[in-house]
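# Fold and contact review
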Amino acid sequence: TTTITPVSSSSSMSFSSSSSFTPNNKLDLFFSPDLIPAQVIAELHPSVHLRPLSSTDYHRGHLSVLSVLTHAPDPGYSAWLKQYEAMRSSPNTYYPIVIISKETDRIVGAGTVIVERKFLRGLGRVGHIEDIAVDKREQGKKLGLRIIQALTGLSESRDIGGCYKTILDCSDENIPFYEKCGFEKKENEMAKYA
Ligand code: ACO
């Protein structure tokens, strides 16, 4: 039995399980994991698992991973969950995903794509990639690449986003990473046209 201790001091919850990580069917997930492109799952590093964000991922270090990217203060679990539910109440809009260490059941990577509906381009849609972060100890294992591939796949898929392009903002130092993910610098944004 593995006990996973929450990273947050404000949390009073811990997890026990006989397996090393919690399988999808034991979790309340933001959206169906079947929507994530199978090829991305197949090419994932064997030590990790990629899935939609779960309503209990606060306890798996979600904010800790996001703090690699920017200031991510801990609002406490109930406020975190309220935000999760508020986002989920806009269906077919937010697609937050995480990468989990199979050994520890902790989050080691995260990212989101938001599907924006437009009046132009024949009532087209645009996918906005946001909040990409990989735990410092796990960087360089192509986890960032897999997150971007999964989010772009969700954005472009006709059944999900159907977006004609996927865009994001990043610092100059991350431009080479996004170019390796198939994006190009477009004015002041990075974009990949489907
Ligand atoms: N400069 C040049 N190349 C890079 C960089 C970089 N900063 N980062 C990754 N790469 C390359 C890798 O070498 C690899 O190249 P290869 O295919 O030739 O081997 C390729 O890009 C894929 O790299 P990954 O291993 O998938 O990258 P990683 O898992 O380390 O994730 C990330 C990259 C997400 C930028 C990570 O370093 C990170 O979390 N940084 C801190 C937070 C951050 O800046 N997030 C992005 C903010 S922008 C946004 O959210 C839209």
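Higher on the page you've got the structure.
Residues numbered from 1 in each chain as written. Predicted model: local features only at pLDDT ≥ 70, side-chain atom pairs only at ≥ 80, totals over all residues. Heavy atoms only, no water.

### Some remarks on the layout of surface pockets
- Considered as a void within the structure, the largest pocket measures approximately 610 Å³ in volume.
- Every element with two or more residues in the lining of the largest pocket is listed here: strand S6 (125-134), helix H5 (143-156) and helix H6 (175-180).
- Ranked by residues supplied to the lining of the largest pocket, first place goes to S6 with six residues.
- In the lining of the largest pocket, the residues fall into 13 nonpolar, five polar and seven charged.
- Counted as a void, the second largest pocket has a volume near 460 Å³.
- Residue lining of the second largest pocket: 26 residues in total, with His62, Leu66, Gln83, Met87 and Asp131 positioned closest to the centre.
- Among the secondary structure elements, those contributing two or more residues to the lining of the second largest pocket are helix H2 (62-66), helix H3 (77-88), strand S4 (94-101), strand S5 (107-117) and S6.
- Here the element with the most residues in the lining of the second largest pocket is H3; it accounts for five residues.
- Of the residues assigned to the lining of the second largest pocket, the class counts are 18 nonpolar, six polar and two charged. (1 Å grid on protein atoms, 1.4 Å probe; cavity = no way out; pocket = protein on both sides within 12 Å on 5 of 7 lines; lining within 4 Å. Points joined across faces, edges and corners; volume = space filled by probe spheres on them. Helix = DSSP H or I, 4+ residues; strand = E, 2+ residues; numbered from the N terminus. Nonpolar A, V, L, I, M, F, W, Y, C, P; charged D, E, K, R; others polar.)

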